[in-house]
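Commentary on secondary and tertiary structure
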Amino acid sequence: MRRHPWLFEGSVARLDGRARPGDTVEVVSHDGRSLGRAAFSPHSQIRARMWSFEVDESIDDAFFKRRVAASVARRTTLPELRDQPGLRLIHGESDGLPGIIADRYGDTVVLALTSAGAEKWRGAIAAAVLKAAGCARIYERSDSEVRGLEGLAPAAGVLHGPPIDGALLITEQGLHLEVDVEAGHKTGFYLDQRENRRLCGELAGGRAVLNCFCYTGGFTLQALAGGATDALSIDSSGPALASAQRNLALNPQLDGTRAQWLEADVFSALRELRAGGRKFDLIVLDPPKFAPSAAHADRAARAYKDINLLGFRLLNPGGLLMSYSCSGGVGLELFQKIVAGAASDAGVDARILRRLGASADHPVGLAFPEGEYLKGLLCQVT
Ligand code: SAH
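Cut-offs and rules
- Residues numbered from 1 in each chain as written.
- Predicted model: local features only at pLDDT ≥ 70, side-chain atom pairs only at ≥ 80, totals over all residues.
- Heavy atoms only, no water.
- Helix = DSSP H or I, 4+ residues; strand = E, 2+ residues; numbered from the N terminus.
- Polar contact = N/O pair within 3.5 Å; in protein donor to acceptor, adjacent residues only side chain to side chain.
- Contact = heavy atoms within 4.5 Å.
- Near = heavy atom within 4 Å.
- Areas by Shrake-Rupley, 256 points an atom, 1.4 Å probe, with all protein chains shown as cover.
- Domains from an automatic or database assignment.
- Buried area = accessible area lost by both parts, 1.4 Å probe.
- Expected span 1.5 Å × (residues − 1).
- Buried < 20%, exposed > 50% of the residue type's maximum accessible area, 1.4 Å probe, protein only.
- Pairing = 2+ DSSP bridges.
- Axes fitted to C-alpha atoms, helices over the stretch in contact; angles between N-to-C directions.

**Focus on the side chain of Asp95**
Among the secondary structure elements, Asp95 is positioned in the loop between strand 5 (86-91) and strand 6 (100-105). Separated by 2.8 Å, the side chain of Asp95 and the backbone nitrogen of His91 make a polar contact. If we ignore the near neighbours within four places in the chain, the residues touching Asp95 are Ser71, Arg74, Arg75, Leu89, Ile90 and Pro363.

Dropping the structure here:
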């Protein structure tokens, strides 16, 4: 059997006995062999998520201690992950812990539980994280929409340690950033783009930068630190832009006069920039998830095409485009086709200099290709 962790509704022939949401069930093949243990989720199309493929492994407090400790320990393997104040400690299925996300911001770990099984074991998971991470506080941010598919209501609040008192602070690549774990996106910050923000800084020297979908300004700040001549950052969220400007102020070594912030819809803002004859040397396009699943791929493809086409048109000769998709429903091959189509329609000659992805604290289980949600292309026009 391939060790994919999901059992879909249609592949389950029958349930013997009774099981409530989140209960551990034994999974048995059609010919009666035990395949391991899983968390049962009667409301979800993903009817069960495998905890273990070892037929004798008990799912108990000790199981979570082992798995969480192993996940945290894996983060010391690669040098770029060592001593990172902002780090994903548990990346769900790809770390053998389906439905469980844990992000560390300094001495706080933010836990996001998105499956019925994870919900059931909240106490054991929090205790295991506390032990493995040695953090002062655990804050739960289980409010992702996918909880609804599992029949779970949103949950948020401190699970261990002192109450949250304002934004947390992390340092990334030498820059200070605030992280609002209570109201920010996801667990508060996009840790998956850490390496790409670093690359942006390395590429930005002497370039005029346009950062689209800037959120709290991570790419912008790295660009300024890397010597960008100026940086225009666009987001539709006022609170995100306010946070971005506070982040700029947290780093007085940066020349704030080079930064411009625009609260706008990127789709229309790019058109206006084009109408105004503006040009840039480095453009970042890091939009939100346009296609959560393959069912949305068509509409998403049009949206990606649109912004990439406009991006290519706004580049000076030799200009760079860092273009991303975090849509599970759009794979790398399709994304590359869309970007190629955009370049062609924009009438530019361009090439891929580098394929980009999430930082290594977001590993991809080889049995779980769905884990590779973030893909990016660094392109250069002639
Ligand atoms: N690059 C960021 C993360 C981007 S998240 C980082 O490194 O931290 C996507 C952002 O897109 C969010 O901040 C959201 O507010 C913004 N957004 C979503 N739709 C938008 C639109 N149509 N126009 C402008 N911004 C949008």
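**Quick notes on the site of the ligand**
Near the ligand, the surroundings consist of 15 residues, among which Arg197, Asp235, Asp265, Val266 and Asp286 are the closest. Contact distances for the ligand include 2.6 Å between a nitrogen atom and a side-chain N or O atom of Asp286. In isolation the ligand exposes 590 Å². Once the protein is present, 89% of that is buried.

**Quick look at the domain arrangement of the protein chain**
When the domains of the protein chain are assigned, the result is domain 1 (6-52), domain 2 (61-165) and domain 3 (190-381). Centre-to-centre separation of domain 2 and domain 3, based on C-alpha positions: 28 Å. Listed as interface residues are 14 residues of domain 2 and, on the opposing side, 12 residues of domain 3. In total, domain 2 and domain 3 occlude about 1,000 Å² of area from one another, counting both sides; carbon and sulfur atoms represent 63% of this.

**Some points on helix 9 (residues 297-313)**
When the terminal C-alpha atoms of helix 9 are compared, their 24 Å separation across 17 residues agrees well with the 24 Å that a helix rising 1.5 Å per residue should span. When we look at burial in helix 9, the residues that qualify are Ala297, Ala300, Ala301, Ala303, Tyr304, Ile307, Asn308, Leu309, Leu310, Gly311 and Phe312. Buried-residue contacts for helix 9 involve helix 8 (266-275), strand 15 (280-285), strand 16 (315-325), helix 10 (332-346), strand 17 (350-357) and strand 18 (375-381).

**A short note on the side chain of Thr114**
Counting through the fold element by element, Thr114 comes out in the loop between strand 7 (108-113) and helix 2 (116-120). Non-local contacts of Thr114, meaning those with residues more than four positions away in its chain, are made with Gly99, Ser144, Val146, Arg147, Glu150 and Leu152.

**Thoughts on the sheet that holds strand 7**
Taken together, the five strands give an open sheet; going across it, the order is 5-6-7-8-9, and neighbouring strands pair in mixed fashion. Two strands in the sheet have a free side with no partner beyond their single neighbour: strand 5 and strand 9 (155-160). Each strand axis lies, on average, 20 degrees off the axis of its neighbour in the sheet, ignoring direction. By the bridge criterion, five bridges tie strand 8 (residues 137-142) to strand 9 in an arrangement that is antiparallel. Pairing of Ser142 across the sheet is with Ala155, part of strand 9.

**So, the sheet that holds strand 12 (residues 208-212)**
Strand order across the open sheet formed by seven strands is 14-13-12-15-16-18-17, with mixed pairing between neighbours. Each edge of the sheet is formed by a strand with only one pairing partner; in this case those strands are strand 14 (259-263) and strand 17. Sheet twist, expressed as the mean angle between neighbouring strand axes with direction ignored, is 15 degrees. Examined bridge by bridge, strand 15 and strand 16 share five bridges and lie parallel to one another. When the bridges of strand 16 are listed, Phe280 appears paired with Leu315. Against the sheet, helix 7 (residues 238-249) makes contact with strand 13 (230-235) and strand 14, and its axis sits at roughly 170 degrees relative to strand 14, the strand it touches most.

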